Amino acid sequence: YVAKGAILVQNVKVSEGASIWYNCVLRGDVASIQIGKNTNIQDGTVIHVASEQQGTKGKLNTIIGDGVTIGHMALLHACIIEDNAFVGMKACVM
């Protein structure tokens, strides 16, 4: 499920049973974003990736496992969140 008003840009894969709620931005413009099965991305969350031009060695994807809950207005940037994890509201994970 992708709520009206959520924005998914370029290379974003959303697995079965996942939900992306209002005003989320998932920007897979320079690398990929993967959202696992039955994962819940709550309102206002921003998920991005990193490219080599941003000071990294190679592209850095953002991978979110299965059964994960991402709280309202969290920021995830070029990170890996393992299965069944919880990221609290307004958290920043890099």
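Structure: see above.
These numbers come from a predicted model, not from an experiment.

S.K.: Even after reading the chapter, I still don't get the environment of Thr45, so can you show me in this structure?
M.R.: Of note, Thr45 is situated in the loop between strand 4 (40-41) and strand 5 (46-48). By relative accessible area, Thr45 is classed as buried at 0%. Counting along the chain gives 15 residues from Thr45 to Val30, while the straight-line C-alpha distance between them is 19 Å. If we skip the residues at most four places from it in the chain, Thr45 touches Asn23, Cys24, Val25, Ile70, Gly71, His72, Met73 and Ala74. At 2.9 Å, the side chain of Thr45 and the backbone oxygen of Gln42 are in polar contact.

S.K.: Explain the sheet that holds strand 10 (residues 86-87) to me, please; I cannot follow it from the model alone.
M.R.: Hydrogen bonds along the backbone pair up the strands of a sheet, which may run parallel or antiparallel. Pairing within the open sheet is parallel, and its four strands lie in the order 2-4-7-10. On the outer flanks of this sheet lie strand 2 (19-20) and strand 10, each paired with one strand and no other. In the sheet, strand 7 (residues 69-70) pairs with strand 10 via two bridges, with the strands oriented parallel. Directly across from Ile70, in strand 10, lies its bridge partner Val87.

Procedures and definitions
- Residues numbered from 1 in each chain as written.
- Predicted model: local features only at pLDDT ≥ 70, side-chain atom pairs only at ≥ 80, totals over all residues.
- Heavy atoms only, no water.
- Helix = DSSP H or I, 4+ residues; strand = E, 2+ residues; numbered from the N terminus.
- Buried < 20%, exposed > 50% of the residue type's maximum accessible area, 1.4 Å probe, protein only.
- Contact = heavy atoms within 4.5 Å.
- Polar contact = N/O pair within 3.5 Å; in protein donor to acceptor, adjacent residues only side chain to side chain.
- Pairing = 2+ DSSP bridges.

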